[in-house]
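Overview (structure and organization)
Here is what each chain is made of, one letter per residue.
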Amino acid sequence: MVQVVDHPKSLPLNIPEELALQVTPAQFAVLAAENRDLRLERTATGILIVNPPTGSDSGNRNAKIITQLGAWGEANPDMGEVFDSSTGFELPNGANRSPGASWIAKERWQALSQKEQEGFAPLCPDFVVELRSRTDSLKKLQEKMQEYMENGAQLGWLIDPQTKRVEIYRSGQAVEVLENPSHLSGETVLPGFTLSLQRIFPS
């Protein structure tokens, strides 16, 4: 005989834009630990952002980005560490953000204590990627990319599969927009890394 134990079911939490919920860093850490299926973020002013799990199509495209970046990272282990979309960082401005993919230079990662590495690392990655889904606000993603750059990122890509457009963010420079590029270069931040967009952009 198999005994079935009923557990309380979690309910999705929808927060209207006009209703801002503020949480402290400590409260955010507890919420994130208790809601691992949600992609929670927190603005610099403490506003909680609840992002639902990504759709299958976007998840598939993001996996292709992570796979390529991860392969480069494994081939260049002395340069730094690669992180996926479930990784949260505490930016210098106090925001908690989770890029779609990211990379941190080895010396910056090793400068963190083990406790800092195990939690929300208190820094902004050197390199960040955001992949826009059909439901994502372009304006909000652009604001998020600018926030990364203002907090120490050196290079960032905002990839929009629907328009086949890529916005390239560089520290201290104007945003460059590419229309339907076939690949992207890691430039001097990720030397030797090239991201192929062949299977990321829809055919």
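Structural notes, computed from the coordinates. (Residues numbered from 1 in each chain as written. Predicted model: local features only at pLDDT ≥ 70, side-chain atom pairs only at ≥ 80, totals over all residues. Heavy atoms only, no water.)

Quick look at the overall build of the protein chain
Broken down by element type, the protein chain carries 5 helices and 12 strands. Buried positions account for 39% of the 203 residues belonging to the protein chain. Nonlocal contacts in the protein chain, meaning residues at least 24 apart in sequence, comprise 52% of its contacts between residues at least 6 apart. Carbon and sulfur atoms make up 51% of the accessible area of the protein chain, which amounts to about 11,900 Å² in all. (Helix = DSSP H or I, 4+ residues; strand = E, 2+ residues; numbered from the N terminus. Buried < 20%, exposed > 50% of the residue type's maximum accessible area, 1.4 Å probe, protein only. Contact = heavy atoms within 4.5 Å. Areas by Shrake-Rupley, 256 points an atom, 1.4 Å probe, with all protein chains shown as cover.)

Quick word on the pairing of strand β1 (residues 39-42)
As paired elements, β1 and strand β2 (residues 48-51) share 4 bridges and run antiparallel to each other. Across the sheet, Arg-39 pairs through a bridge with Asn-51, a residue of β2. Hairpin connection from β1 to β2: 5 residues lie between these consecutive antiparallel strands, with Gly-46 at a positive phi of about 95°. (Pairing = 2+ DSSP bridges.)

Section: the sheet that holds strand β8 (residues 155-160)
With mixed pairing, 6 strands are arranged side by side in an open sheet as β3-β6-β7-β8-β9-β10. In this open sheet, the two edge strands, each paired with only one partner strand, are β3 (80-83) and β10 (176-179). For this sheet the average axis-to-axis angle between neighbouring strands, irrespective of direction, equals 15°. Bridge analysis of strand β6 (residues 101-105) against strand β7 (residues 127-131) gives 3 bridges, and the strand direction is antiparallel. Its bridge partner being in β7, Ala-101 is matched across the sheet by Val-129. Contacting β3, β6, β7 and β8, helix α2 (residues 56-75) runs over the sheet at an angle of about 160° to β7. The strands touched by helix α5 (residues 138-150) within the sheet are β7, β8 and β9 (165-170), with β8 carrying the most contacts at an inclination of about 170°. (Axes fitted to C-alpha atoms, helices over the stretch in contact; angles between N-to-C directions.)

Considerations on the pattern of salt bridges
Pairing between side chains becomes possible if they bear opposite charge and their charged atoms approach one another. For the structure on display, the rule yields 10 salt bridges. Close ionic contact of Glu-130 with Lys-144 constitutes a salt bridge, the shortest N to O distance being 3.1 Å. In this pair, Glu-130 sits in strand β7 while Lys-144 sits in helix α5, placing the two residues 14 residues apart along the sequence. Put simply, Arg-170, Glu-176 and Glu-187 are held in one network by salt bridges that share partners. (Salt bridge = Lys/Arg side-chain N within 4 Å of Asp/Glu carboxyl O.)

Considerations on α2
Over its 20 residues, α2 runs 28 Å from end to end, which matches the ideal 28 Å to within 8%, given 1.5 Å per residue. Turning to α2, the residues buried within the fold contact β3, β6, β7, β8 and β12 (194-196). (Expected span 1.5 Å × (residues − 1).)

Here's the deal with the packing of aromatic side chains
Taken as a whole and judged by the stated rule, the model has 7 aromatic pairs. A network of ring pairs unites the aromatic residues Trp-72, Trp-103, Phe-127, Trp-157 and Phe-193 as a single cluster. (Phe/Tyr/Trp six-rings, centres within 6.5 Å; stacked < 30°, edge-to-face > 60°.)

Concerning the nonpolar core
Grouped together as the largest cluster of nonpolar side chains are 22 residues, with contacts concentrated most on Phe-127, Trp-157, Ile-159 and Leu-195. Of all the secondary structure elements, the ones that give two or more residues to this core are α2, β6, β7, β8 and β9. Residues within four places of Ile-159 in sequence aside, it is in contact with Ile-65, Val-129, Glu-130, Leu-131, Arg-132, Arg-165, Val-166, Leu-184, Leu-195, Leu-197 and Phe-201. (Core = buried A, V, L, I, M, F, W, Y, C linked by side-chain atoms within 4.5 Å.)

Details of the environment of Phe-120
Looking at the element boundaries, Phe-120 is found in the loop between α4 (114-118) and β7. Linking Phe-120 and Ala-29, residues 91 residues apart in sequence, is a C-alpha distance of 8.3 Å. When residues no more than four places from it in sequence are discounted, the contact partners of Phe-120 are Phe-28, Ala-29, Ala-32, Gly-88, Phe-89, Glu-90 and Asn-96.

Focus: the environment of Pro-161
For Pro-161, the position within the fold is in the loop between β8 and β9. Distance in space between the C-alpha atoms of Pro-161 and Ile-200 is 6.9 Å, their sequence separation being 39 residues. Not counting residues up to four positions away in its chain, the partners in contact with Pro-161 are Arg-61, Leu-131, Arg-132, Ile-200, Phe-201 and Pro-202.

Remarks on α5
Counted at 1.5 Å a residue, the expected span for α5 with its 13 residues is 18 Å, and the 18 Å between its end C-alpha atoms agrees. When α5 is considered as a whole, its buried residues turn out to be Leu-141, Lys-144, Met-145, Glu-147, Tyr-148 and Met-149. Looking at the buried residues of α5, the elements they touch are β1, β5 (96-97), β7, β8 and β9. Directly after α5, the chain includes Gly-152, whose backbone phi takes a positive value near 120°.

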